[in-house]
Amino acid sequence: MSSTPSTSVDEQTTSTSSNSKDYATNKCLQVICTRSLLCSASYFALAYFIQGVTDIASGFVNLPLQIILKDRLQLSPSQMGTFFFSCTITWSIKPLYGLLSDFVPICGYHRLIYLLITTMINLFAWIALYFAPIEYNYLIIFCVLAAFSLAFNDVLIDALMISVGRPLALIGTLQAIQQTSAKLAATVSQIPAGILASYSVSNQNNPISTNLTQTHSNKLNDSNKYIFLIASVCPIILFFATLITVRERRRKFNKNNFAQTWTSLASIFKYKRFWIITSFLFVYSASPQIKTALFYYQRDVLQFTPFYVSILNTLYNGCGILSALLYLSVFSHYPTKRVLRVAIVMRMFAIASYLFAIDKVTSICVAIFTGFCSEITNLALLHLAAKSCPKNIEGTLFALFVSCVNFGAATGDWIGSMIYEYLGLIALIIIAITWIGTTILVTCHIGEHGIKSTLDDDDDESDDKYHYYDVIVKGSDIVDNEEFEEKESRRTSEQSSEKIVMI
């Protein structure tokens, strides 16, 4: 009989039907009923809610920014795809952010100070976009800066999430909470974004007298810039939430453990499984995307107003919330390989459904169906990435995996916009379905257990997983020994009293 592979720390160990049915419920109750976990989960949810609002690619800023690029700057689909590719490329170098925060602490802190700095950079970028003139160069510079700060912030939040969730087998649950929060933010922000975008378009299309041209142009610029001013409120909220919630002990750098950690990280590249997972995440995510092409199709071919596009986006993101909840309650405890195959098939059907989007009614049906399929696919990829991270370097390696997904998605959107511009929507859909369908063959080589690190035998289960730092507390070793001896003596006395009672 073949030996059973080691299971993931975030995977259900039993396989009975009753336990499978109550697994997700128990995990949710564990988060809700534990005060520290509830506080951490609330902070993660808030951080991802703010990320969902300020994300240039899909948040509150996205639709008005697309209107500016298309109607004001007259960009073609491929040019807009290049613009968003340049912005989202900052999400593709997330491992560098992870290495910087892991190995270069600021004042003894390797998470807290970085969180505060990146949040302030994000605030500066939105304020600069509000005051800068609406020109391509200014837009791309400050949008890239905003995307960079948000991506760096995302690495720090994910590292905190994994360090909290992994010892308690709550990675899947916390990821579902984060993605649900991000989708909720994108949902509630679409209608206000559509109103602002529609106002600017209607003003641009209305005839005006020549003596009011300059006044009208200034008002149009102001209505476009409001999105940046509103977005600047979000990093302010996150800044104070971080000060209140995140608690981190000051640590000094330990050269020996740093070298050990770096050696462990370098050894990961020797594993065949690492390259299989990395290649799969990139190739799957790099399939031609419909996002930019769909915006031009809805505006130019179907003649939808920005407000109606925002309604479709709201339905899409709202169904994405239901999709994330479905993943949390049903899919999160199933084997990763099975979930990936289901997600691939669902995405193929979701892309094919765009062939039926020919008017307002059918577009609503397609938005509902594709939104429902969206987060199951996204969470399946994130769960695979998180489960494949070995202990003690999970922050950097998880950032590496997710950067493959982000770079693939940015590449796929650029490829999709090019295909749409030169070949049309039908050719784009056929190529995307074929591309995604071939990736299902790779799932045969994806196992259920993570990559083993050279540090996996380390039994250190401290509050954080950053083992290459020493706590800067005078006499901390003595205090820890005293607490341990006190607990041992207390446990001995309790055992003695129990024996007396039994006698």
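Residues numbered from 1 in each chain as written. Predicted model: local features only at pLDDT ≥ 70, side-chain atom pairs only at ≥ 80, totals over all residues. Heavy atoms only, no water.

K.L.:
What is the right way to look at the overall build of the protein chain in this model?
P.N.:
Across its full length, the protein chain holds 19 helices and two strands. Across the 503 residues in the protein chain, those meeting the buried criterion constitute 53%. Partitioning the intrachain contacts of the protein chain with sequence separation of at least 6 by distance along the chain shows that 84% fall at a separation of at least 24. Summed over all atoms, the accessible surface of the protein chain reaches about 23,100 Å², with 65% contributed by carbon and sulfur. (Helix = DSSP H or I, 4+ residues; strand = E, 2+ residues; numbered from the N terminus. Buried < 20%, exposed > 50% of the residue type's maximum accessible area, 1.4 Å probe, protein only. Contact = heavy atoms within 4.5 Å. Areas by Shrake-Rupley, 256 points an atom, 1.4 Å probe, with all protein chains shown as cover.)

K.L.:
Even after reading the chapter, I still don't get the environment of Thr305, so can you show me in this structure?
P.N.:
One can find Thr305 in the loop between α13 (291-301) and α14 (306-331). The class of Thr305 is partly exposed, set by a relative accessible area of 43%.

K.L.:
What am I meant to see in a nonpolar patch on the surface here?
P.N.:
Judged by side-chain polarity, Ile236, Phe240, Leu243 and Ile244 come together as a nonpolar surface patch covering roughly 390 Å² of accessible area. With respect to the element layout, Ile236 can be found in helix α10 (residues 233-245). We classify Ile236 as partly exposed; its relative accessible area is 38%. (Patch = residues over 30% accessible without salt bridge, like charges linked within 9 Å, V, L, I, M, F, W, Y side chains within 5 Å. Salt bridge = Lys/Arg side-chain N within 4 Å of Asp/Glu carboxyl O.)

K.L.:
Would you take a moment to explain the nonpolar core for this structure?
P.N.:
The tendency in soluble globular proteins is for nonpolar side chains to be buried side by side. Within the largest apolar cluster, 123 residues are counted, with the highest numbers of intra-cluster contacts made by Leu65, Phe83, Leu139, Phe280 and Leu281. Looking at which element gives the most residues to this core, the answer is helix α7 (residues 136-165), with 15 residues. Dropping the residues within four chain positions of it, Phe83 is found in contact with Leu65, Leu69, Tyr136, Leu139, Ile140 and Cys143. (Core = buried A, V, L, I, M, F, W, Y, C linked by side-chain atoms within 4.5 Å.)

K.L.:
Can you walk me through the confidence of the model for the protein chain in this structure?
P.N.:
Atomic detail in the predicted coordinates should be set aside for any region of low pLDDT. This prediction gives the protein chain a mean pLDDT of 77; 74% of its residues lie at or above 70. Helix α18 (residues 425-438) holds the highest mean pLDDT among the elements of the protein chain, 95, whereas strand β2 (residues 469-471) holds the lowest, 33. (pLDDT = per-residue confidence, 0-100.)

K.L.:
Can you walk me through the packing of aromatic side chains in this structure?
P.N.:
Between two aromatic rings, the relevant description is the distance of the centres plus the angle of the planes. Tallying each qualifying case throughout the model produces 18 aromatic pairs. A centroid spacing of 6.3 Å and a plane angle of 15° characterise the contact between Trp126 and Phe228, whose relative ring orientation is stacked. Of this pair, Trp126 sits in helix α6 (residues 112-131) while Phe228 sits in helix α9 (residues 213-231), and the two are 102 residues apart along the sequence. Owing to a relative accessible area of 1%, Phe228 belongs among the buried residues under this scheme. Centroid distance Phe148 to Phe152: 6.1 Å. Interplanar angle 75°. Geometry classified as edge-to-face. With Phe148 and Phe152 both in helix α7, this residue pair falls four residues apart, about one helical turn. For Phe148, a relative accessible area of 25% corresponds to the partly exposed category. (Phe/Tyr/Trp six-rings, centres within 6.5 Å; stacked < 30°, edge-to-face > 60°.)

K.L.:
Is there a simple way to think about the packing of helix α5 (residues 94-103) against α7 in this case?
P.N.:
Helix-helix packing: each pair is described by the crossing angle between the helix axes and the interaxial distance. With their axes 9 Å apart at the nearest point, α5 and α7 run at an angle of 60° to one another. The angle between the axes of α5 and α7 places the two elements in the oblique class. Crossing of α5 over α7 shows right-handed handedness. For the pair α5 and α7, the contacting residues are Lys94, Tyr97, Gly98, Leu100 and Ser101 in the first and Phe148, Ala151, Phe152, Asp154, Val155, Leu156 and Asp158 in the second. Residue composition of the contact of α5 with α7, grouped by class: seven nonpolar, two polar and three charged. (Axes fitted to C-alpha atoms, helices over the stretch in contact; angles between N-to-C directions. Parallel < 35°, antiparallel > 145°, perpendicular 65-115°, else oblique. Left-handed = near helix turned anticlockwise from the far one by under 90°. Nonpolar A, V, L, I, M, F, W, Y, C, P; charged D, E, K, R; others polar.)

K.L.:
Would you explain α13 in this entry?
P.N.:
An α-helical turn contains 3.6 residues, so any two residues separated by three or four positions project in the same direction. Burial analysis of α13 places eight of its 11 residues in the buried class, the great majority of the element. Those residues of α13 not exposed but buried are Thr292, Ala293, Leu294, Phe295, Tyr296, Tyr297, Gln298 and Arg299. Looking at the residues trailing α13, positive phi occurs at Gln303, about 60°.

K.L.:
Any chance you could explain the pattern of salt bridges here in plain terms?
P.N.:
Enumeration over the complete set of coordinates arrives at four salt bridges. Between Asp71 and Lys70 there is a salt bridge; the shortest N-O distance is 3.6 Å. A relative accessible area of 12% means that Lys70 is categorised as buried. One salt bridge in this structure joins Lys70 and Asp300, with 2.9 Å as the shortest N-O distance. Linking Lys70 in helix α3 (residues 62-72) with Asp300 in helix α13, this pair joins segments that are 230 residues apart in sequence. One connected set of salt bridges, linked through shared partners, spans Lys70, Asp71, Arg299 and Asp300.

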